[in-house]
Amino acid sequence: MTLDEATNLIKICAKQMDARYGKTVFDEWAIISLAENKARVVAYRGPRNDDFLTNFVKDLGALRAELLDVNYGAGDFAFARHGTGTGHEAFIVLGTGFYLICNNTRESMDAIAKEPRWLEAQIPFAELGDRVRMNPLVISSDTQFLKK
């Protein structure tokens, strides 16, 4: 899939999750590239546009080891149950070297998961993973990344 297709699917997923949950699940969504051992923001939606990449490594917290796990493939995802504040709560592998990072900057994943509607809200997230698995994100080498 293209970057535009991925971005549109993510927007749809976010709206569906929020509708099923009854409020915003993740207020921060970022597509990042970890190619060449450099973190680059490819697309971002959230409240801390200027600080996201600056704090990226610190904010990975519990997800760091899983994000770098080579056994994850396109469409696979993980949650950090105890992420708080700006610590990232979830990711989906979008394609080789590309990840969707999801975060709620106000609530922990543990608090989000305690709400009974969380089970229903996970369905669009899992469906997004399935769509990515069938058609991973591929970005041409001449694509300009957002610079921070």
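In this text, all values refer to a predicted model and were calculated from it rather than measured experimentally.

## Regarding the sheet that holds strand E3 (residues 77–79)
Whenever strands of a sheet pair, they do so through backbone hydrogen bonds, lying parallel or antiparallel.
Piece 1. If you trace the five strands from one edge of the open sheet to the other, you get E2-E1-E5-E4-E3, paired in antiparallel fashion. If you trace the sheet from one side to the other, it starts and ends with strand E2 (40–45) and E3, each paired once. Looking at each pair of strands side by side, their axes are set apart by 20° on average, direction ignored.
Piece 2. Here strand E1 (residues 28–33) pairs with E2 via five bridges, running antiparallel. When the sheet's bridge partners are listed, isoleucine 32 is paired in E2 with valine 41.
Piece 3. In this fold helix H1 (residues 3–21) packs onto E1, E2 and strand E5 (98–103), with an angle of close to 155° to the strand it touches most, E1.
Piece 4. Contacts from helix H5 (residues 118–134) reach E3, strand E4 (90–95) and E5 within the one sheet, and its direction differs from that of E4 by about 20°.

## Overview of the nonpolar core
Piece 1. Core analysis: the biggest nonpolar cluster contains 30 residues, and Phe26, Trp29, Ile31, Leu100 and Trp118 have the highest contact counts within it.
Piece 2. Elements that contribute at least two residues to this core include exactly H1, E1, E2, E4, E5, helix H4 (109–114) and H5.
Piece 3. Residue contributions to this core peak at seven residues, all from H1.

## So, the packing of H1 against H5
Piece 1. At a minimum axis separation of 7 Å, H1 and H5 run at an interaxial angle of 165°. Put simply, H1 runs roughly antiparallel to H5. You can see that H1 and H5 cross each other, and the crossing is right-handed. Contact with H1, carried on its side by Leu9, Ile10, Cys13, Gln16, Met17, Arg20 and Tyr21, involves Trp118, Glu120, Ala121, Ile123, Pro124, Phe125, Leu128 and Arg131 of H5 and no other residues of that element.
Piece 2. Its residues assigned to classes, the contact of H1 with H5 shows eleven nonpolar, one polar and three charged.

## Some thoughts on the confidence of the model for the protein chain
Piece 1. The predicted model of the protein chain averages 84 in pLDDT, with 86% of residues at 70 or higher.
Piece 2. Counting interchain partners and residues more than four positions distant, the pLDDT-below-50 stretch residues 142–148 has twelve contacts.

## What to know about the packing of aromatic side chains
Piece 1. Tallied over the full model, the rule gives eight aromatic pairs.
Piece 2. Each ring, one from phenylalanine 77 and one from phenylalanine 125, has its centre 5.4 Å from the other, and the planes form 80°; the classification is edge-to-face. On the criterion of sequence distance, the pair formed by phenylalanine 77 in strand E3 and phenylalanine 125 in helix H5 is long-range, its members being 48 residues apart.
Piece 3. With a centroid separation of 5.6 Å and 85° between ring planes, the pair formed by phenylalanine 79 and tryptophan 118 is classed as edge-to-face.

## Side note on the pairing of E5
Piece 1. Counting buried residues in E5 gives six out of six residues, a clear majority hidden from the surface.
Piece 2. Burial of E5 is two-sided: the residues Phe98, Leu100 and Cys102 facing one way and the residues Tyr99, Ile101 and Asn103 facing the other way are all buried.
Piece 3. Sheet topology places E1 next to E5; six bridges connect them, and they run antiparallel. When the bridges of E5 are listed, alanine 30 appears paired with isoleucine 101.
Piece 4. Note that E4 and E5 share five bridges and pair antiparallel. Residue pairing in the sheet places glycine 95 in a bridge with phenylalanine 98 of E5.
Piece 5. Linking two consecutive strands that pair antiparallel, namely E4 and E5, is a turn of two residues; a positive phi of about 80° is found at glycine 97 within it.

## Observations concerning the environment of aspartate 27
Piece 1. Locating aspartate 27 in the fold gives a position in the loop between H1 and E1.
Piece 2. The exposure class assigned to aspartate 27 is buried, which follows from its relative accessible area of 12%.
Piece 3. Along the sequence, aspartate 27 and glycine 46 sit 19 residues apart, while their C-alpha atoms lie 5.7 Å from each other.
Piece 4. The contact partners of aspartate 27, leaving out residues within four places of it in the chain, are Arg45, Gly46, Pro47, Asn103, Asn104, Thr105 and Arg106.
Piece 5. A polar atom in the side chain of aspartate 27 sits 2.7 Å from the side chain of arginine 106.

Rules used in this analysis
- Residues numbered from 1 in each chain as written.
- Predicted model: local features only at pLDDT ≥ 70, side-chain atom pairs only at ≥ 80, totals over all residues.
- Heavy atoms only, no water.
- Pairing = 2+ DSSP bridges.
- Helix = DSSP H or I, 4+ residues; strand = E, 2+ residues; numbered from the N terminus.
- Axes fitted to C-alpha atoms, helices over the stretch in contact; angles between N-to-C directions.
- Contact = heavy atoms within 4.5 Å.
- Core = buried A, V, L, I, M, F, W, Y, C linked by side-chain atoms within 4.5 Å.
- Buried < 20%, exposed > 50% of the residue type's maximum accessible area, 1.4 Å probe, protein only.
- Parallel < 35°, antiparallel > 145°, perpendicular 65-115°, else oblique.
- Left-handed = near helix turned anticlockwise from the far one by under 90°.
- Nonpolar A, V, L, I, M, F, W, Y, C, P; charged D, E, K, R; others polar.
- pLDDT = per-residue confidence, 0-100.
- Phe/Tyr/Trp six-rings, centres within 6.5 Å; stacked < 30°, edge-to-face > 60°.
- Polar contact = N/O pair within 3.5 Å; in protein donor to acceptor, adjacent residues only side chain to side chain.

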